[in-house]
Amino acid sequence: MNRIKNDQLKRIEGLQKEQDNSLVKAKIMQTYIAETQAIIEILIALLQSGLQWKQIWRMIKEEKRAGNPLATIINELDLEK
């Protein structure tokens, strides 16, 4: 019985951590809502032009090096979600 209870507690802790991470991400997005929207629109345009995600990520890295303020906001692209 204790083993089941411990497993459930660990699962709850994991879900709480995931929820906390999601809240942090949401707050960041709210802070940068205009920038986030601009980035989404740019990504959609790039995809519609036929570029692949690898090409887009390469472009983002180049833009970061060039000091593009929108590119500096992007830390990673989680394409699996």
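I will try to describe carefully the structure that is included in this document. Per chain, the residues get numbers from 1 upward, laid out in the order the sequence is written. Since the coordinates come from a predicted model, pLDDT governs what is reported: local features require at least 70, and pairs of side-chain atoms require 80 or more to be given and counted, while whole-chain, interface and lining totals use all residues. To obtain the side-chain values, all non-hydrogen atoms of the structure were included, while hydrogens and water were left out.

### Some remarks on the nonpolar core
One finds Ile 39, Leu 43, Leu 46, Ile 56, Ile 60, Ala 71 and Ile 74 forming the largest nonpolar core, which totals seven residues. Here a strand is any run of E in DSSP of at least two residues, a helix any run of H or I of at least four, and the numbering for each starts at the N terminus. Mapped onto this core, the elements with two or more residues apiece are helix H2 (33–48) and helix H3 (53–65). Ranked by residue count, the leading element in this core is H2, at three residues. Those residues in contact with Ile 74 that lie beyond four places of it in its chain are Ile 39, Trp 57, Ile 60 and Lys 64. The criterion is simple. A nonpolar core is a set of buried Ala, Val, Leu, Ile, Met, Phe, Trp, Tyr and Cys residues joined through side-chain atoms within 4.5 Å. Using a 1.4 Å probe on the protein chains alone, a residue whose accessible area is under 20% of its type maximum counts as buried, one over 50% counts as exposed, and one in between counts as partly exposed. Residues are treated as being in contact if the distance between any of their heavy atoms lies within 4.5 Å.

### Regarding a positive patch on the surface
The patch calculation keeps residues exceeding 30% relative accessible area without a salt bridge and links them within 9 Å when they carry like charges or within 5 Å when they are nonpolar (Val, Leu, Ile, Met, Phe, Trp, Tyr). Here, Shrake-Rupley sampling with a 1.4 Å probe gives the accessible areas, and only protein chains in the shown set may cover a residue. We define a salt bridge as a contact between a side-chain nitrogen of Lys or Arg and a carboxyl oxygen of Asp or Glu at a distance within 4 Å. Counting rule for charge: Lys and Arg are taken as positive, Asp and Glu as negative, and neither His nor the chain ends is counted. Charged groups are reduced to one reference atom each: NZ for lysine, CZ for arginine, CG for aspartic acid, CD for glutamic acid. Together, Lys 54, Arg 58, Lys 61 and Arg 65 line one region of the surface with positive charge. Inspection of the secondary structure assignment puts Lys 61 in helix H3.

### Re the packing of H2 against H3
Note on geometry: axes are C-alpha line fits, over the in-contact stretch for helices, and angles between N-to-C directions span 0 to 180 degrees. Relative to each other, H2 and H3 sit at 135 degrees, their axes nearing to 10 Å. When the interaxial angle is binned, H2 and H3 end up oblique. Between H2 and H3 the crossing geometry is right-handed. Residues Leu 43, Leu 46 and Leu 47 of H2 touch H3, and the partners they reach there are Trp 53, Ile 56, Met 59 and Ile 60. The labels follow the angle: roughly parallel below 35 degrees, roughly antiparallel above 145, roughly perpendicular from 65 to 115, and oblique for the rest. A clockwise turn of the near helix away from the far one marks a right-handed crossing, whereas an anticlockwise turn of less than a right angle marks a left-handed crossing.

### Here we look at the layout of surface pockets
The space that makes up the largest pocket amounts to roughly 900 Å³. In the cavity and pocket records, a cavity denotes points on a 1 Å grid over the protein atoms alone where a 1.4 Å probe fits but cannot get out, a pocket denotes an open set with protein on both sides within 12 Å along at least 5 of 7 lines, and lining residues are residues with an atom within 4 Å of a point. Lys 25, Met 29, Ile 73, Asn 75 and Glu 76 are, among the 17 residues lining the largest pocket, the residues nearest its centre. Here the element with the most residues in the lining of the largest pocket is H2; it accounts for four residues. When residues are sorted by character, Ala, Val, Leu, Ile, Met, Phe, Trp, Tyr, Cys and Pro go into the nonpolar class, Asp, Glu, Lys and Arg into the charged class, and all the rest, Gly among them, into the polar class. When grouped by side-chain class, the residues that make up the lining of the largest pocket number eleven nonpolar, two polar and four charged. Space inside the second largest pocket adds up to approximately 180 Å³. Lining the second largest pocket, in full, are Ile 39, Ile 42, Leu 43, Leu 46, Ile 56, Met 59, Ile 60, Glu 63, Asn 68, Leu 70, Ala 71 and Ile 74. Grid points are joined across faces, edges and corners, and a volume is the space filled by probe spheres set on the points.

Honestly, that's just the spatial picture; any functional story needs more than this.
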